[in-house]
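An overview of the molecular structure
One letter stands for each residue in the lines below.
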Amino acid sequence: MGGTAARVLVVEDSEAIRAAVLAGLTGAGYEATGREDGRALEQDLAAFRPDLVVLDVMLPGRDGFALLDVVRRRSDAGVVMLTARDGVDDRLRGLHGGADDYVVKPFALAELLARVTAVLRRMGRTPTAVGVGDLIVDAAAGTVVRGGVPVELTATELRLLDYLAAQRGRVVSKGQILTRVWGYTDYDPNLVEVHISALRRKLGEPRLLHTVRGLGYVLRAEPDAAP
């Protein structure tokens, strides 16, 4: 699907849960929208054209199982169901009805995001390119473009930038970077600093790669967290 963000529709009647899930999805790079019930599901499927629907079972009006049937009849979107009921019968009913996965409340947001990503990956709908401001990183294609201009990076710089782009908006420590990019935790942390500096020079201004004092680094199209 190239650089287009996958679209996720969240149908959840709890405003707090819905807001948290939407924030998590948006932070993970998805285009997400939410509804408190499924009254307009048919219209949403046609207008928003979601790649995946996060669907609560216990909803006012039509419940999640009824809405699952609507999704399966009108769309090829993936479905991850949410429920406070953890009975095996409910899980089997959802899965037999065509749900791709099932998450029981209370759940960790990271777990839900991982399930969503896994379903989209199986469907071939995860983007290969990640955008941060005017920067586009496509590690699979081996390309980096800033403001429409290609940026030449070494293989290690590309791995580092790809990791930072995948974690965009989140602060990552030198230890995390060493583990994910180099595969070790006992390398000299100066190794990270040297490559971060090189990336900053090549990416140019305005700065996208920021230092958060005492914590690590973050890739985002915002000002530095500290002067």
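This text gives an overview of the structure that appears in the document. (Residues numbered from 1 in each chain as written. Predicted model: local features only at pLDDT ≥ 70, side-chain atom pairs only at ≥ 80, totals over all residues. Heavy atoms only, no water.)

**Examining the sheet that holds strand β8 (residues 143–146)**
To keep it simple, the criterion reads: For two strands to be treated as a pair, DSSP must find at least two bridges joining them. Secondary structure elements are taken from DSSP: a helix is a run of H or I of four residues or more, a strand is a run of E of two residues or more, and numbering for both begins at the N terminus. Every residue pair with non-hydrogen atoms within 4.5 Å of one another is taken to be in contact. As a rule, the C-alpha atoms of each element are fitted with a line to give its axis, helices using only the stretch in contact, and angles between N-to-C directions run from 0 to 180 degrees.
Read from one edge of the open sheet, 4 strands run β6-β7-β8-β9, paired in antiparallel fashion. Edge positions in the sheet fall to β6 (130–132) and β9 (149–150), since each of these pairs with one other strand and no more. Strand direction decides the pairing type here: β8 and β9, joined by 2 bridges, are antiparallel. In the sheet register, valine 145 faces β9, and the bridge partner there is proline 150. Across the sheet, helix α6 (residues 155–166) is in contact with β6, β7 (135–138) and β8; its angle to β7 comes to roughly 110 degrees.

**A short note on the nonpolar core**
For clarity, the threshold we go by: Residue types Ala, Val, Leu, Ile, Met, Phe, Trp, Tyr and Cys, when buried and joined through side-chain atoms within 4.5 Å, form a set referred to as a nonpolar core. Only protein chains enter the accessibility calculation, which uses a 1.4 Å probe; a residue whose area is less than 20% of its type maximum is buried, one above 50% is exposed, and one in between is partly exposed.
Among the nonpolar cores identified, the biggest contains 25 residues, and Leu135, Val144, Leu161, Leu164, Ile177 and Leu219 are the most heavily contacted of them. Those elements giving two or more residues to this core turn out to be β6, β7, α6, α7 (174–182), α8 (190–203) and β11 (216–219). At 6 residues, the largest contribution of residues to this core is made by α6. Apart from the residues within four sequence positions on either side, leucine 164 is in contact with Val172, Ile177, Ile196, Leu199, Leu209 and Leu219. Counting 19 residues, the second-largest nonpolar core is a separate cluster that includes Leu45, Val57, Leu68 and Val71.

**Re the environment of proline 60**
Take proline 60: it is sitting in the loop between β3 (52–56) and α3 (64–74). For the pair proline 60 and threonine 211, spaced 151 residues apart in sequence, the C-alpha to C-alpha distance is 46 Å. Other than its neighbours up to four places away in sequence, proline 60 contacts Asp13, Glu36 and Asp37.

**Focus on the side chain of arginine 146**
Cut-off, in case you're wondering: As used in this structure description, the phrase polar contact means that two N or O atoms lie within 3.5 Å; if the pair is within protein, one of them must be able to donate a hydrogen and the other to accept it, and residues adjacent in sequence are counted only when both atoms belong to side chains.
By the element assignment, arginine 146 lies in strand β8. Residue arginine 146 is classed as buried on the basis of its relative accessible area, which comes to 9%. Engagement of the side chain of arginine 146 in a polar contact is seen with the backbone oxygen of leucine 203, the distance being 2.9 Å. Discounting chain neighbours no more than four positions away, the residues touching arginine 146 are Asp134, Leu135, Val151, Leu203, Gly204, Glu205, Pro206 and Leu208.

**Some thoughts on the sheet that holds strand β2 (residues 31–35)**
On the basis of which strands lie adjacent, the open sheet formed by 5 strands has the order β2-β1-β3-β4-β5 and parallel pairing. The outermost strands of the open sheet, each flanked by one partner alone, are β2 and β5 (101–104). Mean inter-strand twist for the sheet, computed between neighbouring axes without regard to direction, equals 20 degrees. Judged from the 4 bridges that link them, strand β4 (residues 78–83) and β5 form a sheet pairing that is parallel. Paired with valine 80 across the bridge in β5 is aspartate 101. Along the sheet, helix α1 (residues 15–27) contacts β1 (7–11) and β2; its crossing angle with β2, the most-contacted strand, is approximately 170 degrees. The sheet contacts of helix α5 (residues 109–122) involve β1, β3, β4 and β5, and relative to β5 the element is tilted by about 175 degrees.

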